[in-house]
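# Summary of the model geometry
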There are 2 protein chains.
Amino acid sequence: MTKNKTSATPTLILTAAHVLTCDDQMTHYTPGAIVIADDVVVTAGAKDHILADYPDVEQMDLGQKVLMPGIVNAHTHVPMTLLRGLADDLRLDVWLMGYIMPVEREFVSPEMCYLGTKLACAELFRSGVTTFADMYYFEHEIAKATAEAGMRALCTESILKFPAPDAPSYDESLAYTREYIQEWKDHPLIVPGIAPHAPYTTTPEILKASRDIAVEYDVPFQIHLAETQREVADVQATYGDRVIQYMHKQGVFEAKTLAAHCVHVDDSEIALLAEHNVGVLHNPTSNLKLAAGVAPIQKMLNAGVNVGVATDGPASNNDLDMFEEMRLASLLAKGINYDPVALPAKETIRMATINGAKAIHMDHITGSLEAGKRADLIAVDLSPVHNAPSFRRDPNGIYSQLVYASKSTDVTDVMVNGKWTMQNKTLTTLDEAALLDEAAAFAGKVDSFLIERESSVRRKLVAIGGVEYQESFEVQAKAKIEDTAALIAKLDNKEQITILKQKHYRQYDTYFYFDAPETDFLRLREDEIIGEDGSTEDFRYRLTLIGPSDEQMHDGSLLISRSRYIAPSTHTLRFYREYFRPTSEHTVTKDRLRWRIVYHGVEFAVNIDNLTEPTLGHFLEIKSRTWSQRDARDKAKVMRDLLTLLGIEKDAVIARHYIDLSQDAT
Amino acid sequence: MTKNKTSATPTLILTAAHVLTCDDQMTHYTPGAIVIADDVVVTAGAKDHILADYPDVEQMDLGQKVLMPGIVNAHTHVPMTLLRGLADDLRLDVWLMGYIMPVEREFVSPEMCYLGTKLACAELFRSGVTTFADMYYFEHEIAKATAEAGMRALCTESILKFPAPDAPSYDESLAYTREYIQEWKDHPLIVPGIAPHAPYTTTPEILKASRDIAVEYDVPFQIHLAETQREVADVQATYGDRVIQYMHKQGVFEAKTLAAHCVHVDDSEIALLAEHNVGVLHNPTSNLKLAAGVAPIQKMLNAGVNVGVATDGPASNNDLDMFEEMRLASLLAKGINYDPVALPAKETIRMATINGAKAIHMDHITGSLEAGKRADLIAVDLSPVHNAPSFRRDPNGIYSQLVYASKSTDVTDVMVNGKWTMQNKTLTTLDEAALLDEAAAFAGKVDSFLIERESSVRRKLVAIGGVEYQESFEVQAKAKIEDTAALIAKLDNKEQITILKQKHYRQYDTYFYFDAPETDFLRLREDEIIGEDGSTEDFRYRLTLIGPSDEQMHDGSLLISRSRYIAPSTHTLRFYREYFRPTSEHTVTKDRLRWRIVYHGVEFAVNIDNLTEPTLGHFLEIKSRTWSQRDARDKAKVMRDLLTLLGIEKDAVIARHYIDLSQDAT
């Protein structure tokens, strides 16, 4: 029997075939009983003893079920239930920057956060969770929905160095967070906190300011740390430290810190986490699904780090099922370390209950069935066929049944803070049907938004930002040449031609084609700027979306009218390929000598191009761009003279683009 | 609409919001319909078209659900449902040789296989499986129970080189298998087959004889291959080949082969598997749980290998939940390869349906909803809160919902061979409550057996085999000595002492202690036999269980009566530690010079021991063993004289065991 009893008057005794306390000794009573006084646990013990000690208290028998502490989902983003399954099987950058962030920019609102949280609470209750740790935007709405659902949570407000859905700047986020913490500080169900998002989305100033708020109000400080190898490399490149060392130097660990992920941490970092009582939040599904890797959990546990288990947000999971996470945590620890005794089931149950509570700095409130803790508990039915039969030889068999064979759907009853939130699989605080209807309506809007965007390459380009629009007229002429030296000599005609500048490029062009009438193609151009000594001096990446063009011949030149959208190309070719999903793709590589000249008062670009892939040989190309069709026609006439000056006959002019010549050739 | 229609008369049309056919193009009709004629699929198509084409056929609408082919669980051992959770979080050898095999020896019977199969069928239907591939004993009973349940299965009979629960020799197993195949060959639900267990449990002769039977009857040949690194190393050491090459050389791939696991296969082996159309059965949970590793599934798929997904037996999983396996298959492929686009959900659904059917050589019967296939299908409900909301922008989103968010408990209806086996989550062919009762009774018997065994170190020792019992009387004397050279010189007394042989050992003794009155200790002795040049000539490992002894002094010597159980020590110290779980453990290391001598017609062992760990110095030890107490007393008198001859005074004799001296010292 647990040693300390509270002085409160008992109001309810729960009895069951198994009571797992998740206290320090992992005491297991079979059969067992829990005595509750309103919202607090009075004591846990053997059924016979408890019934003898408390003869006049109302009893409720849960039969053959397992009564245990409610599960702690130690890291999630609950409103993202509303983005579940939005986009999957994508690389992190395509997923995040192509889908999640554009949709968040458009749809994250107080109403969305409130609805998403209630939907999440329904799912969380159904899988036996009584406490979760959240990190998102509009945390006030999340706390409100959580409290209304009768759920317990640590709700930490995100701080970013760039504009967030709920604040245009981090100063405003910090101000919002102060106000939010003050409002919720003494709530019986909610613990407020602050969450600078990650090393790569914050600055040392933001980290310190956030830590100061956490210390001032004595609230938890949550952050994503060491999730990917790239993050580790970037922090090392920028600050010269590994991620945990960097955080330590910012004084972050002076706060009650929770660190999500910690996939890529070495032994010295693990020692730092242990020394500073930093809770680690292990998200095995999300880390696999986004291909971050597998966190060294067994090492952390050996070092004495408090590790909790978590689902992460349902957009990268895609659910909030802690039974799946527990199972995966144990399986992965074994399989990855080639050690079948790693993370045994009992240890995993501890991580999902009391150690999770420790990791999120809430173990004084919840995580075990011990005197003085809040009455947060669940009943799990072991009778379904997928868990039959039950062996009782090994006292740890009960943990093994829960971790390796039980499903979240075996949870039948949930109590938070002394109040039932689910009984016999019926939710008592939430209108699930109404929530599902509202969620469907929300998804319909997101679907429409994305379907409209996806139907247009232009809208997809705009969605990832930085686009500049041009509507222009262009006049251009092209001719195959054999003797480039002779042509260059003719350009050196100081009487008629003024050379403004000269450059040498190597150009790698990738053309994406689509089955879309409004789009001609999307071109990714990589320019290597070649110096006089032949070395690469600089790079330039540009993305150009070309609309359908209107082309006509005029004075032997091609007159082109078209719309162009130009954006800096900040992602990789692979990103654009996976994001835009072109129906076909072609590449053209050329060596370009470019002159910008003035001839008869008109500015022209003159290119001598050597097409190397496919091998098409040398071309002269002359171009000029303008915003007036009439001006373009005038320039075409001047261009005719220039071509003659350079020795190009009228019938030698080719009215084709390189990409078309290239496709003819391949 | 699928191209081929059968000529059978349609009897039923099923309609649903989504019909996934899992045909070559992964055609998805939304809404869709399936036309069935008794036990066969007539066609699948868009709902409107089907209803127009088949106006007079009975209709059944499954509403918003997903209608899809039944899932193929491509490798399992169904009767092992009855061993689920028997022993977990153990190393493979402790798990298998300490628990599973001793229990199987005792409990595997036709009745156990029949009951375990029915229990498994209940669980399998509940998780949407309509076909499984089994490998166990008494396959006739398994086939019978499966057919009675209305389930489809490939049932392959195990062949082992040592006695199996259903046959004392492999000859008899082969004869049983022939008879079994003949009996079940034309059954509408059962495909019989043969299953030599694994490379390490068979011989080249068994492999060839099994292949001959598989080829003769044109039935599948199932085997476990390349599951662990150790198996690969052992096959290489024995046969000089990697596992798949070894199998290929035995001609195994002339049969329709299914290979479970293939965790440790290289590129050349993958090429061989692809070339010979060997189906690979991927068991992600089992491979992690037993710490075998992670199979290179994406590589195999790229090479064109037919890969199915499977649960393996429920003793190493611990359930038969294919939704968990699908999810884990996709997650692992991504996480292990640091590639978030690996094994996308659509590919996983393909693996769990049509590719699984191909892998087990049953795709002519099942695995897709196409004209001519058997009507094996399931309905999955996407409405539960853990799968809300549903996005419809991405046509592959439906597969993502099934793999990443659906649970096996979302399966509502199951049809096998045109007959409903589950409707609205109610099983129609099995009495689940009765099965659960029978399973509980079975588990009770196993629990009693193991609890009794576990209560006794002796029974645990006997359970792992090879034990020999001795009840003996021993007379022994021991004395601390300083000058070993002088003592050795005294032994060289040819008049009185005949030296029979002399040996030099280094002995490493580990003593396990237990809180068990019947047991004194269990000793693991490792002898290094040292040659004249000081090198180690040989090793010997022995396990000795010493019962409580009766000790008395007689003529200055210790007279000991005790029982001993001796067994060859064939496992590692780690195995014995994990298997016996001693309450404490002590080690003694010594250098032993041993003479076997005859003195006054009595044979004695004379040891000069240098105790090096703990450092206790040099001792003389004289021993003789007999089966008579009287003889022991007579020998004690002779021993007194021998001690005097060797210069040992009566009061210098120590009546203690080394282990006791050692414990005093530490």
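Criteria and cut-off values
- Residues numbered from 1 in each chain as written.
- Chains lettered and ligands numbered in written order.
- Predicted model: local features only at pLDDT ≥ 70, side-chain atom pairs only at ≥ 80, totals over all residues.
- Heavy atoms only, no water.
- Helix = DSSP H or I, 4+ residues; strand = E, 2+ residues; numbered from the N terminus.
- Rg over C-alpha atoms; globule rule 2.2 N^0.38 Å.
- Buried < 20%, exposed > 50% of the residue type's maximum accessible area, 1.4 Å probe, protein only.
- Areas by Shrake-Rupley, 256 points an atom, 1.4 Å probe, with all protein chains shown as cover.
- Lys, Arg positive; Asp, Glu negative; His and termini not counted.
- Charge placed at Lys NZ, Arg CZ, Asp CG, Glu CD.
- Contact = heavy atoms within 4.5 Å.
- Salt bridge = Lys/Arg side-chain N within 4 Å of Asp/Glu carboxyl O.
- Polar contact = N/O pair within 3.5 Å; in protein donor to acceptor, adjacent residues only side chain to side chain.
- Patch = residues over 30% accessible without salt bridge, like charges linked within 9 Å, V, L, I, M, F, W, Y side chains within 5 Å.
- Phe/Tyr/Trp six-rings, centres within 6.5 Å; stacked < 30°, edge-to-face > 60°.
- Lys NZ or Arg CZ within 6 Å of the ring centre and 35° of its normal.
- Pairing = 2+ DSSP bridges.
- pLDDT = per-residue confidence, 0-100.
- Least-squares fit on C-alpha atoms with pLDDT ≥ 70 in both.
- Domains from an automatic or database assignment.
- Buried area = accessible area lost by both parts, 1.4 Å probe.
- Nonpolar A, V, L, I, M, F, W, Y, C, P; charged D, E, K, R; others polar.
- Axes fitted to C-alpha atoms, helices over the stretch in contact; angles between N-to-C directions.
- Parallel < 35°, antiparallel > 145°, perpendicular 65-115°, else oblique.
- Left-handed = near helix turned anticlockwise from the far one by under 90°.

All right, on to the overall build of chain A then. When you go through chain A residue by residue, the secondary structure sums to 21 helices and 29 strands. In terms of overall size, chain A is more extended than a compact globule, its C-alpha atoms giving a radius of gyration of 33 Å where 666 residues would be expected to give roughly 26 Å. For chain A, the C-alpha atoms occupy an extent of roughly 115 × 50 × 50 Å along the three principal directions. Burial status across chain A gives 62% buried among its 666 residues. When the accessible surface of chain A is split by element, carbon and sulfur atoms take 48% of a total near 24,300 Å². Considering chain A, the positive charge centre built from 68 side chains and the negative charge centre built from 96 side chains are found 4 Å apart.

Next up on the list: the interface of chain B and chain A. With 73 residues of chain B at the contact, the number on the chain A side is 73 residues. On the surface where chain B and chain A come into contact, there are 16 salt bridges. For B:D319, the salt bridge identified is with A:R327, shortest N-O distance 3.4 Å. Remark: the boundary between chain B and chain A carries 32 residue pairs in polar contact (both at pLDDT 80 or more). Those elements giving two or more residues to the side of chain B that touches chain A turn out to be α2 (92–107), α3 (110–126), α10 (284–289), α12 (322–337), α15 (397–405) and α16 (432–454) of chain B. A total of ten residues in the side of chain B that touches chain A trace back to one element, the largest contributor, which is α16(B).

Together, A:E532, A:D533, A:E537 and A:D538 line one region of the surface with negative charge. The topology assignment puts A:D538 in strand β23 (residues 536–546).

This next bit is on the packing of aromatic side chains. Counting across every chain of the model gives 32 aromatic pairs over all chains. Centroid distance B:Y513 to B:F521: 6.0 Å. Interplanar angle 55 degrees. Geometry classified as tilted. By relative accessible area, B:Y513 is classed as buried at 15%. Between the aromatic rings of B:F619 and B:Y658, the centroid separation amounts to 5.5 Å while the plane-to-plane angle is 70 degrees, which identifies the pairing as edge-to-face. Taken together, the residues B:F619 in strand β28 (residues 615–626) and B:Y658 in helix α21 (residues 658–665) connect sequence positions 39 residues apart. What links up through ring pairs into an aromatic cluster is the set A:Y99, A:F514, A:F575, A:Y576, A:Y579 and A:F580. Sitting over the ring of B:Y404, A:K289 keeps its end group 4.6 Å from the ring centre.

Right, let's get into the pattern of salt bridges. On inspection of all chains with the given rule, the structure shows 98 salt bridges over all chains. Between A:D609 and A:R592 there is a salt bridge whose closest N-O contact spans 2.8 Å. On the criterion of sequence distance, the pair formed by A:D609 in strand β27 (residues 602–613) and A:R592 in strand β26 (residues 584–599) is long-range, its members being 17 residues apart. For A:D609, a relative accessible area of 0% gives the class buried. With a closest N to O distance of 3.4 Å, B:K460 and B:E454 form a salt bridge.

With that settled, the discussion passes to the pairing of strand β27 (residues 602–613) of chain B. A regular strand places its side chains so that they alternate between the two faces of the sheet. Residues and elements named next belong to chain B. Two elements, strand β26 (residues 584–599) and β27, share eleven bridges in a ladder whose sense is antiparallel. In the sheet register, V598 faces β27, and the bridge partner there is E603. The antiparallel hairpin formed by β26 and β27 contains two residues in its connecting segment, where H600 sits at a positive phi of about 50 degrees. As paired elements, β27 and β28 share eight bridges and run antiparallel to each other. Counterpart to L611 in the pairing with β28 is G617.

Our focus in this paragraph is the confidence of the model for chain A. Residues shown with low pLDDT carry predicted positions that ought not to be read at fine detail. Residues of chain A with pLDDT of at least 70 account for 99%, and the chain-wide mean is 93. Interface confidence in the predicted complex, given as ipTM, is 0.86; pTM for the same model is 0.87.

Below, the discussion takes up the sheet that holds strand β19 (residues 426–427) of chain A. Spatial strand order, β3-β2-β7-β16-β17-β18-β19 (chain A): seven strands in an open sheet with mixed pairing. Each edge of the open sheet is held by one strand with a lone partner, namely β3 (28–29) and β19 of chain A.

This next bit is on the relation of the copies chain B and chain A. For the pair chain B and chain A, the superposition axis carries a translation of 0.0 Å, the fit reaches an RMSD of 0.2 Å, and the rotation angle comes to 180 degrees. Both copies are brought into coincidence by an operation consistent with a two-fold rotation axis.

Residue and element names in this part refer to chain A. The assigned domain composition of chain A is domain 1 (1–69 + 367–423), domain 2 (71–366 + 424–449) and domain 3 (457–665). In this structure, domain 1 and domain 2 have C-alpha centres spaced 28 Å apart. Contact residues are listed per partner, giving 37 residues for domain 1 and 41 residues for domain 2. Interface area for domain 1 against domain 2, summed over the two sides, is near 3,000 Å², with a carbon-plus-sulfur share of 60%. Our enumeration of links across domain 1 and domain 2 arrives at one salt bridge. With a shortest N-O distance of 2.7 Å, R152 and D376 are connected by a salt bridge. Counting across the domain 1 and domain 2 interface gives 20 residue pairs in polar contact (both at pLDDT 80 or more). Among the elements of the structure, β7 (66–69), β16 (377–380), α15 (397–405), β17 (411–416) and β18 (419–423) are those that each provide at least two residues to the side of domain 1 that touches domain 2. A breakdown of the residues in the side of domain 1 that touches domain 2 according to their chemical character gives 18 nonpolar, eleven polar and eight charged.

Looking now at the packing of helix α12 (residues 322–337) of chain A against α12(B). Each packed pair of helices is defined by two parameters, the angle between the axes and the distance between the axes. Where α12(A) contacts α12(B), the axes come no closer than 12 Å and their chain directions differ by 50 degrees. Comparing the axis directions of α12(A) and α12(B) gives the class oblique. By crossing handedness, the relation of α12(A) to α12(B) is classed as right-handed. Here A:E324, A:E325, A:R327, A:L328, A:L331, A:L332 and A:I336 of α12(A) lie close against α12(B), whose contacting residues are B:E324, B:E325, B:R327, B:L328, B:L331, B:L332 and B:I336. Its residues placed into classes, the contact of α12(A) with α12(B) shows eight nonpolar, no polar and six charged.

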